[in-house]
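Close look at the chain arrangement
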Amino acid sequence: MGHQDRFGVTWDGRLFRGQQKSEPLTPAVYTDAWQRARVIGLGEQAKSPLAKRLYGQRHAAVSTWLAAGVPVAEVAERAGHAVDVLLKAYAKGLDGQLDGSNSPIDDWLS
């Protein structure tokens, strides 16, 4: 039996809800759930600073994608950001990519 079969959805179609059946999820609900789930799911890794806040995982993923050279528009789409918002928040993650950026330009110009 799946989550939706077991718990249903809210009147407006949301799958997950807060403490009361009709209220939306609050930061406190996310935090409480993350604190319990990280110990179960991450074991020793739950002690990592990245595991302290759920947002740390998201930030690490976005930073990794940028450092790996995934195009900014693709990273923004995956993260659910507009490109300008992504660049404001993660511009430092793009530092140090000058050589990698110049290489294909040099190749094309040769």
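It should be noted that the structure appears before, not after, this text.
A brief report on the enclosed structure follows. One numbering rule holds for all chains: residues counted from 1, following each sequence as written. Where local features are concerned, this predicted model is filtered to residues with pLDDT of at least 70; where side-chain atom pairs are given and counted, the filter is 80 or more; whole-chain, interface and lining totals use all residues. For the side-chain quantities, the full set of heavy atoms in the structure was used; hydrogens and water were omitted.

1. Remarks on the environment of H59
Working definition: helices are DSSP H or I runs of at least four residues, strands are E runs of at least two. Numbering for both runs from the N terminus. Position of H59 among the secondary structure elements: in helix α3 (residues 54-67). Sequence-wise, H59 and A79 are 20 residues apart; in three dimensions their C-alpha atoms are separated by 9.4 Å.

2. Here we look at helix α4 (residues 72-79)
Here α4 has its buried residues at V75, A76 and A79. Down the axis of α4, the smallest arc covering the buried residues is 100°, so these residues share one side. Set apart from the buried face of α4 by more than 90 degrees, the exposed residues are A73 and E77. By the convention used here, residues are in contact when the closest approach between their heavy atoms is within 4.5 Å. On its buried side, α4 packs onto α3 and α5 (83-90). Residue G80 follows α4 closely and has a positive phi angle near 75°. For every residue, the accessible area (1.4 Å probe, protein chains only) is compared with the maximum for its type, and the residue is labelled buried under 20%, exposed over 50%, or partly exposed between those bounds. Throughout, the arc means that of the directions going from the helix axis to the C-beta atoms.

On their own, these measurements won't tell you what the molecule is for.
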